[in-house]
Amino acid sequence: SAVISQKPSRDICQRGTSLTIQCQVDSQVTMMFWYRQQPGQSLTLIATANQGSEATYESGFVIDKFPISRPNLTFSTLTVSNMSPEDSSIYLCSVAWQGMPLFFGQGTRLTVV
Amino acid sequence: DAKTTQPPSMDCAEGRAANLPCNHSTISGNEYVYWYRQIHSQGPQYIIHGLKNNETNEMASLIITEDRKSSTLILPHATLRDTAVYYCIVRVYGGATNKLIFGTGTLLAVQP
């Protein structure tokens, strides 16, 4: 398994502002993913963070709203841009090696007011 | 990836076995069955996965029917700390993306 650290663990933000969430892994991993979990809902995949290239976004998610960086094999960031109350969710980073199951961080609980 | 069907909720008495069912009638031959759980306010936790043989680890057992259209996750001696949402997911093992698509899961409530 891997130790995944997400920062911040929670935040309360004003609408219209942006928040960048960091995900740090203690070992090199092949895959990194970002998920969103809205209140009372299941997890929804936002995008696959690709090392050295643009992220691959799922239907309904766009780069302008959720820019993602992955400069190396152990680190990624997700930015939630121009936030509105509808963006209030838990954002989760997950990682995998080729063929291995996914492991998740503890998430970032975001409240937009 | 194939879709799965799980009951929305189940109860289980503490100390008894919890049997969580999952239907995946459209599963393909190269798709594995994965189980995760999410305890309130925590990130999902990997439990177990299998292709067609029954699997057991320190957390649970996974029973897959011979036709692979359904499976059951068994927690042999449920405790209060096993109260969580349990997700059954089917997907191709490894491959180019390795991503997981989550359904709605089963909320297991372990009762004292």
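Above this text sits the structure in question.
The structure contained in this document is the topic of the report that follows. Quick caveat: nothing in here was measured; it's all calculated off a predicted structure. Throughout, residues of each chain are indexed from 1 in the direction in which the sequence is written. By the order in which they are written, chains take letters starting at A while ligands take numbers starting at 1. Where local features are concerned, this predicted model is filtered to residues with pLDDT of at least 70; where side-chain atom pairs are given and counted, the filter is 80 or more; whole-chain, interface and lining totals use all residues. With hydrogens and water excluded, all non-hydrogen atoms of the structure serve as input to the side-chain values.

Another aspect to go through is the overall build of chain B. When you go through chain B residue by residue, the secondary structure sums to zero helices and nine strands. Runs of E in the DSSP output that reach at least two residues are strands. Runs of H or I that reach at least four are helices, and both are numbered from the N terminus. When the elements of chain B are put in sequence order from the N terminus, they spell out β-β-β-β-β-β-β-β-β. Note that the radius of gyration is over C-alpha atoms, with the globule rule given as 2.2 Å times the number of residues to the power 0.38. Here chain B has a C-alpha radius of gyration of 13 Å; the compact-globule value for 112 residues is 13 Å, and the two agree. Looking at chain B as a whole, 42% of its 112 residues qualify as buried. The classification of residues rests on relative accessible area computed with a 1.4 Å probe and restricted to protein chains. Under 20% of the type maximum is buried, over 50% is exposed, and intermediate values are partly exposed.

Our focus in this paragraph is the packing of aromatic side chains. Think of it this way: a Phe, Tyr or Trp ring, Trp meaning its six-membered ring, pairs with another when their centres are within 6.5 Å, and the plane angle makes it stacked under 30 degrees, edge-to-face over 60, tilted otherwise. Tallying each qualifying case throughout the model produces 10 aromatic pairs over all chains. Ring-pair connections join several aromatic residues into one group, and the members of that group are Y35, F103 and F104 of chain A together with Y36, Y46, Y87 and F102 of chain B.

This part is about the environment of L45 of chain A. Tracing the chain through its elements places L45 of chain A in strand β5 (residues 43-49). For the pair formed by L45 of chain A and S59 of chain A, sequence separation is 14 residues and the distance between their alpha carbons is 9.2 Å.

It is worth spelling out the interface of chain A and chain B at this point. Whether two residues touch is decided by their heavy atoms; if any such pair falls within 4.5 Å, the residues are in contact. Taken together, the contacts link 20 residues of chain A with 21 residues of chain B. Defined in terms of a 1.4 Å probe, buried area is the accessible area two parts forfeit on being brought together, summed over both. With both sides pooled, the region where chain A packs onto chain B buries about 1,600 Å², and carbon together with sulfur makes up 52% of that total. What counts as a salt bridge is simple: a side-chain nitrogen of Lys or Arg found within 4 Å of a carboxyl oxygen of Asp or Glu. One can count zero salt bridges joining chain A with chain B. In protein, a polar contact requires one atom able to donate a hydrogen and another able to accept it; more generally it is a pair of N or O atoms within 3.5 Å, and residues adjacent in sequence count only if both atoms are side-chain atoms. Applying the counting criterion to the chain A and chain B interface returns four residue pairs in polar contact (both at pLDDT 80 or more). Secondary structure elements with two or more residues in the side of chain A that touches chain B: β4 (31-37), β5 and β9 (89-96) of chain A. Ten residue types, Ala, Val, Leu, Ile, Met, Phe, Trp, Tyr, Cys and Pro, are classed as nonpolar, four, Asp, Glu, Lys and Arg, as charged, and the remainder, Gly among them, as polar. Taken together, the residues of the side of chain A that touches chain B break down into 12 nonpolar, six polar and two charged.

With that settled, the discussion passes to the sheet that holds strand β3 (residues 31-38) of chain B. Picture the strands of a sheet paired through backbone hydrogen bonds; they go either parallel or antiparallel. Residues and elements named next belong to chain B. Whether two strands pair comes down to DSSP finding at least two bridges between them. Strand order across the open sheet formed by five strands is β1-β9-β8-β3-β4, with mixed pairing between neighbours. Edge positions in the open sheet fall to β1 (9-13) and β4 (45-50), since each of these has one partner strand only. Mean inter-strand twist for the sheet, computed between neighbouring axes without regard to direction, equals 25°. Summarising the sheet, strand β8 (residues 84-92) and strand β9 (residues 106-111) pair through three bridges and their orientation is antiparallel. Counted as the bridge partner of V85 is L107 from β9. Only the stretch in contact is used when a helix axis is fitted, and all axes are lines through C-alpha atoms; the angle between N-to-C directions ranges over 0 to 180 degrees.

Turning to unusual backbone geometry, a few remarks are in order. Of note, the amide linkage connecting K7 of chain A to P8 of chain A takes the cis form, showing an omega dihedral of -5°. Structurally, P8 of chain A can be placed in the loop between β1 (4-7) and β2 (10-13). In this model, N82 of chain A sits at a positive phi of 45°, which is unusual for a non-glycine residue. With respect to the helices and strands, the residue N82 of chain A is situated in the loop between β8 (75-80) and β9. We note that R68 of chain B has phi near 65°; this positive angle belongs to a residue other than glycine. Residue position: R68 of chain B is located in the loop between β6 (61-64) and β7 (70-75). Assessed through its relative accessible area of 10%, R68 of chain B is described here as buried.

So, on to the pairing of β5 of chain A. Residues and elements named next belong to chain A. Burial runs high along β5: six of the seven residues are buried. Summarising the sheet, β5 and strand β6 (residues 56-57) pair through two bridges and their orientation is antiparallel. The partner of A47 across the bridge, within β6, is Y57. The antiparallel hairpin formed by β5 and β6 contains six residues in its connecting segment, where G52 sits at a positive phi of about 80°.

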